[in-house]
Each structure stands twice: as structure tokens, then as C-alpha cells.
Amino acid sequence: MLPGGPAEARHTPQLPPMPEPVRVVIVDDEPPARAKLRRFLAADPRVTIVGEAGDGEEAVRVIEETRPDVVFLDVRMPGLDGFDVLAALELDPLPHVVFATAHDEYAVRAFDVRALDYLLKPADRERVARALDRAVAAVQGPGADDVAARVRNMLEELRGRARPLERFLVRQRGRMRLVRAAEVDWIEAADNYVRLHVDKESLLARATLAEVEKRLDPTKFARVHRSAIVNLDAIRELRPWSHGDALLVLRSGAEVRLSRRYRDRLPGVLRG
């Protein structure tokens, strides 16, 4: 058979297929910082930038819509910060995360909990390239960690060390709404959600009561029952009830039971 015939063709080695580009979302509240990072990442053929966001609320929407492999995520942003964004995502698995911030206070903590990488702004092209190498290896490499479990572990480690929770992200009829914690009268457990009572409104946010309790400012909120947390500024009256329990009358007129087991969590002036 002549060279180049069918028999020879059958033994021609097949090149492995090229891996799909890593899908990236950039989140930063500073447009120049986003533009710089976009420029560095767009120059790498291994990357496809699938979305950008300038605040935490927009970040949640963009990440859930595009389902990226990696998020370059600013830590300090108005409204929802980077940790709040990750906690609010309703995705499984969660994306890999590269933190980026002008503040270095989270750096050691981020590495302690196995964050993919950490960029201290302003990051140069070489430092971004090293972070991208890690990201590509994590996404395309064999034996990658369980991303969702790793990110959730990271959140558990860092959630309690971040600043107190100031806003809740509430999903309503296809849109997202930020609710200031100070506006919430009381919070009620609802399985894997919490029900926020804001004046006459009742709003659902995705979190457990235990998670919310850890993040709220303990000088402003207190657990008063196994299924309720109260804004101390919303309390207008304390009425005796039965068996050592009491009723808290709030500014909205709502009445919330104060269990005797939780009385010691209230300031002395309210414990009686």
C-alpha cells in the first residue's frame, strides 16, 4: 500500500481537543479598576469575559445569569460587599473566586481559608497573570476541589470577621431589593430562609436565623426566641406574659414573644 494511504492514516496520532476558555466575571465598584483588569484578562486567549458588575446587587444578577467559572471579586463595595455577594448566590456549584481589594486586612484570612487567590490593588499585569494561571489550573486541571464546598467553608471562616450586616438582599418578583438592617423590626425563622418584618411588609431572604444572628450587630439586635431576632430600637414596650416569658411590643404594633431562656441577651434596662 502506498504511503499516505488509509492504513497510515489510521495510525496518525490525534491531538487532544483545546480546552474551553475559562469564563470570567469582573466585579468592582471602580470603573478604572474594572477597565484595567478587563484589559489584562482580555489579552489572554484562555479567557472569555462573560460579564461585569459595578456593585454587589448587580454582581449577584450577572453571576447567576452567566454562571462563570471564575469571579474576580472586589471585597469592599457599597451595599453588598464581596462576602455578601457570595452568600447571596443561588448557584450550585459556586464559581472559583479571586478576591481583589485596595485593603490588605483580608489577605491572610483569604489564604488561610484557601481562597483561589488574592489581588491587592493596584495589581500589575504580572500579578494578574499569576492569579489567572491559578484560576485556569483550578478550572481545567484534574482533581479540582469541590468548589462549592470550598467557597462555603471560606464564607463560614470570614463571615463572622467582616463588618456587621448592614443590608439584606431580598428577591421580589424577578428583581432584587436591598433592605437596610436598621429598617427591619424583627426577623423570623422560615426553614432555610428568614422572614424580615419591615413595618407592615413581610420579606423573605435566603439565610438561616443562626447565620443572620452571627452577622448582625449584637448591640442593635438580639435573639429573643429560638425562632426570632428583634431590632432593639424597634421595641416600644415589654409586657409580662406567662411562665417567665414576656411580650415585646414593637413600633409597628407587632408583638414578639420574649422567651425566659433568652432574657439575658437583652440589655439590662429591658430584662427587668
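See the structure above.
Residues numbered from 1 in each chain as written. Predicted model: local features only at pLDDT ≥ 70, side-chain atom pairs only at ≥ 80, totals over all residues. Heavy atoms only, no water.

Asker: I would appreciate a short explanation of helix H2 (residues 31-42) in the present structure.
Answerer: Because each turn of an α-helix spans 3.6 residues, side chains separated by three or four positions in sequence point in the same direction. Across its 12 residues, H2 extends 16 Å between first and last C-alpha, which sits within 8% of the 16 Å expected from 1.5 Å per residue. Buried residues of H2: Ala33, Arg34, Leu37, Phe40 and Leu41, and no others. Projected onto a plane normal to the axis of H2, the buried residues spread over an arc of 130° and lie on a single side. Counted as exposed and oriented over 90 degrees from the buried face of H2: Pro31, Pro32 and Ala42. Looking at the buried positions of H2, the neighbouring elements they touch are strand E1 (22-27), strand E2 (47-53), strand E3 (70-74) and helix H6 (125-140). (Helix = DSSP H or I, 4+ residues; strand = E, 2+ residues; numbered from the N terminus. Expected span 1.5 Å × (residues − 1). Buried < 20%, exposed > 50% of the residue type's maximum accessible area, 1.4 Å probe, protein only. Arc of directions from axis to C-beta. Contact = heavy atoms within 4.5 Å.)

Asker: Mind showing me how you'd approach the nonpolar core here?
Answerer: Most often, soluble globular proteins have nonpolar side chains that are buried together. Core analysis: the largest hydrophobic core is formed by 24 residues, its most contacted members being Val27, Val60, Ile63, Leu73, Val85 and Phe99. Setting aside its immediate chain neighbours within four residues, Val60 contacts Leu80, Val85, Ala88, Leu89, Leu169, Arg171 and Met176. (Core = buried A, V, L, I, M, F, W, Y, C linked by side-chain atoms within 4.5 Å.)

Asker: What is the right way to look at the sheet that holds E1 in this model?
Answerer: The strands making up a sheet associate through hydrogen bonds between their backbones, and the pairing can be parallel or antiparallel. One open sheet holds the five strands; their spatial order is E2-E1-E3-E4-E5, and the pairing between them is parallel. Taken across any chain shown, the strands that pair with only one partner, and hence form the sheet edges, are E2 and strand E5 (117-120). For this sheet the average axis-to-axis angle between neighbouring strands, irrespective of direction, equals 20°. Strand contacts of H2: E1, E2 and E3, with the helix running at about 165° to E2, the strand carrying the most contacts. Here helix H3 (residues 56-66) sits on the sheet and contacts E1, E2 and E3; the angle it forms with E2, its principal contact strand, is near 145°. (Pairing = 2+ DSSP bridges. Axes fitted to C-alpha atoms, helices over the stretch in contact; angles between N-to-C directions.)

Asker: So what exactly am I meant to see when it comes to the pairing of strand E11 (residues 221-225) here?
Answerer: The side chains of a regular strand alternate, residue by residue, between the two faces of the sheet. Burial analysis of E11 places five of its five residues in the buried class, the great majority of the element. The hairpin formed by E11 and strand E12 (residues 228-231) contains two residues between the paired strands.

Asker: So what exactly am I meant to see when it comes to the side chain of Arg215 here?
Answerer: You can see Arg215 is positioned in helix H8 (residues 209-215). Of note is the side chain of Arg215, whose polar atom sits 2.4 Å from the side chain of Asp84. (Polar contact = N/O pair within 3.5 Å; in protein donor to acceptor, adjacent residues only side chain to side chain.)

Asker: Hey, could you run me through the sheet that holds strand E15 (residues 255-258) in this one?
Answerer: The sheet built from three strands is open, its strands ordered E13-E14-E15 with antiparallel pairing. In the strand order of this sheet, the two ends are held by strand E13 (235-240) and E15, each with one partner. Sheet twist, expressed as the average angle between the axes of neighbouring strands with direction ignored, equals 30°. When E13 meets strand E14 (residues 246-250), the two strands line up antiparallel, connected through five bridges. By the bridge assignment, Ile235 is partnered in E14 with Leu250.

Asker: Please explain the layout of surface pockets as it appears in this structure.
Answerer: Each pocket or cavity is described by its volume, and for the second largest pocket that value is around 290 Å³. In terms of lining, the second largest pocket is formed by 14 residues, of which the most central are Leu165, Glu166, Ala181, Ala182 and Lys220. In terms of residue class, the lining of the second largest pocket is made up of five nonpolar, one polar and eight charged. (1 Å grid on protein atoms, 1.4 Å probe; cavity = no way out; pocket = protein on both sides within 12 Å on 5 of 7 lines; lining within 4 Å. Points joined across faces, edges and corners; volume = space filled by probe spheres on them. Nonpolar A, V, L, I, M, F, W, Y, C, P; charged D, E, K, R; others polar.)

Asker: Just checking my understanding: could you explain the pattern of salt bridges for this structure?
Answerer: Where side chains of opposite charge bring their charged atoms close, a pairing between them can arise. Summed over all chains, the structure comprises 23 salt bridges. A salt bridge links Arg61 to Glu58; its shortest N-O distance comes to 3.8 Å. Taken together, the residues Arg61 and Glu58, both in helix H3 and three residues apart, mark about one turn of the helix. Looking at Arg61, the relative accessible area reads 36%, which means it is partly exposed. (Salt bridge = Lys/Arg side-chain N within 4 Å of Asp/Glu carboxyl O.)

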